[in-house]
Amino acid sequence: MCIRGSYNPLAIRRTDTVEARVVFDGTPPPSLRVFGPTGEIPSQVVSREGASITVLFLADVAPTSWSVVHARPPTPGSAAMEPSPVSQTHLTLPTTPPV
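Rules and cut-offs
- Each chain has its residues counted from 1, running along the sequence as written.
- In view of the model being predicted, local features appear only for residues whose pLDDT reaches at least 70, and side-chain atom pairs are presented and counted only at 80 or more, with totals across whole chains, interfaces and linings using the full set of residues.
- Calculated side-chain values reflect all of the structure's heavy atoms, with hydrogen atoms and water omitted.
- Salt bridge, as applied in this entry: a Lys or Arg side-chain nitrogen positioned within 4 Å of an Asp or Glu carboxyl oxygen.
- Helix and strand assignments come from DSSP, with helices taken as H or I runs of at least 4 residues and strands as E runs of at least 2, each series counted from the N terminus.
- Buried, partly exposed and exposed residues are distinguished by accessible area as a fraction of the type maximum, computed with a 1.4 Å probe on protein chains only: under 20%, between the cut-offs, and over 50%, respectively.
- Pairing between two strands requires that DSSP report at least two bridges joining them.
- Each axis is a line fitted through C-alpha atoms, and for a helix only the stretch in contact is used; angles between axes span 0 to 180 degrees, taken between their N-to-C directions.
- The nonpolar core is taken to be a set of buried Ala, Val, Leu, Ile, Met, Phe, Trp, Tyr and Cys residues, with the residues joined through side-chain atoms within 4.5 Å.
- Residues are treated as being in contact if the distance between any of their heavy atoms lies within 4.5 Å.
- Two N or O atoms form a polar contact when they lie within 3.5 Å of each other; inside protein one atom must be a possible hydrogen donor and the other a possible acceptor, and for residues adjacent in sequence the pair counts only when both atoms belong to side chains.

**Observations regarding the pattern of salt bridges**
Then, number 1: For the structure shown, the criterion picks out 3 salt bridges.
Then, number 2: For aspartate 60, the salt bridge identified is with arginine 13, shortest N-O distance 3.1 Å. Note that aspartate 60 is positioned in strand 6 (residues 52-61) and arginine 13 in the loop between strand 1 (2-8) and strand 2 (14-23), a separation of 47 residues in sequence.
Then, number 3: Among the residues examined, aspartate 60 registers a relative accessible area of 40% and is labelled partly exposed.
Then, number 4: Where aspartate 16 meets arginine 14, a salt bridge forms, and the shortest distance between an N and an O atom there is 3.1 Å.
Then, number 5: With a relative accessible area of 41%, arginine 14 lands in the partly exposed category.

As structure tokens, this is what we get:
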């Protein structure tokens, strides 16, 4: 599923975060994997609402060109299927005095 085309009008390479909303027919998958021209790129699901998922990803676009990314549901057994050990509401870190 093509989710985003990014255009870079600058004469230099541009790397930036992009937020995209992906709408599904029916129930969305538990997570998404985002792929660009060179393979899988870093991404994070930031919200879910009904049949849509909002995802952040890192876009890397060559000078004066377009880049298209695709979102895919994770395949069974892939790392994206595993639940994250970090809560989305807060993170508690143990504190120890400096040595």
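What follows picks up the thread again.
**Overview of the sheet that holds strand 2**
Then, number 1: One open sheet accounts for 3 strands, arranged 2-6-5; its pairing is antiparallel. Since the sheet does not close on itself, it has two edges, and those belong to strand 2 and strand 5 (43-49), each with one partner. For this sheet, the mean inter-axis angle between neighbouring strands, taken without regard to orientation, is 25°.
Then, number 2: Sheet topology note: the strand 5/strand 6 ladder contains 6 bridges and is antiparallel. Among the inter-strand pairings, glutamine 44 is bridged to a residue of strand 6, identified as leucine 56.

**Remarks on the nonpolar core**
Then, number 1: Membership of the largest hydrophobic core comes to 13 residues, with the highest contact counts inside it found for Leu32, Val34, Val55 and Phe57.
Then, number 2: Counting residues per element, the ones that place at least two in this core are strand 2, strand 6 and strand 7 (65-72).
Then, number 3: Among the elements that take part in this core, strand 6 stands out by supplying 4 residues, more than any other.
Then, number 4: Discounting chain neighbours no more than four positions away, the residues touching leucine 32 are Val22, Phe24, Ser43, Val45, Ile53, Ala71, Arg72, Pro73 and Pro74.

**Focus on the environment of serine 52**
Then, number 1: In this fold, serine 52 is placed in strand 6.
Then, number 2: C-alpha of serine 52 to C-alpha of valine 22: the two residues are 30 residues apart in sequence and 5.4 Å apart in space.
Then, number 3: Ignoring sequence-local partners within four residues, the contact set of serine 52 consists of Arg21, Val22, Val23 and Ser47.
Then, number 4: One polar contact links serine 52 to arginine 21, side chain to side chain, over a distance of 3.4 Å.
Then, number 5: Of note is the side chain of serine 52, whose polar atom sits 2.9 Å from the backbone oxygen of glutamate 49.

**Some details on the pairing of strand 6**
Then, number 1: Judged by how many residues are buried, strand 6 sits mostly within the fold: 7 of 10 residues are covered.
Then, number 2: With 10 bridges joining them, strand 2 and strand 6 adopt antiparallel strand pairing. Each bridged residue has a counterpart across the sheet, and for valine 22 the counterpart in strand 6 is isoleucine 53.
Then, number 3: Linking two consecutive strands that pair antiparallel, namely strand 5 and strand 6, is a turn of 2 residues; a positive phi of about 60° is found at glycine 50 within it.

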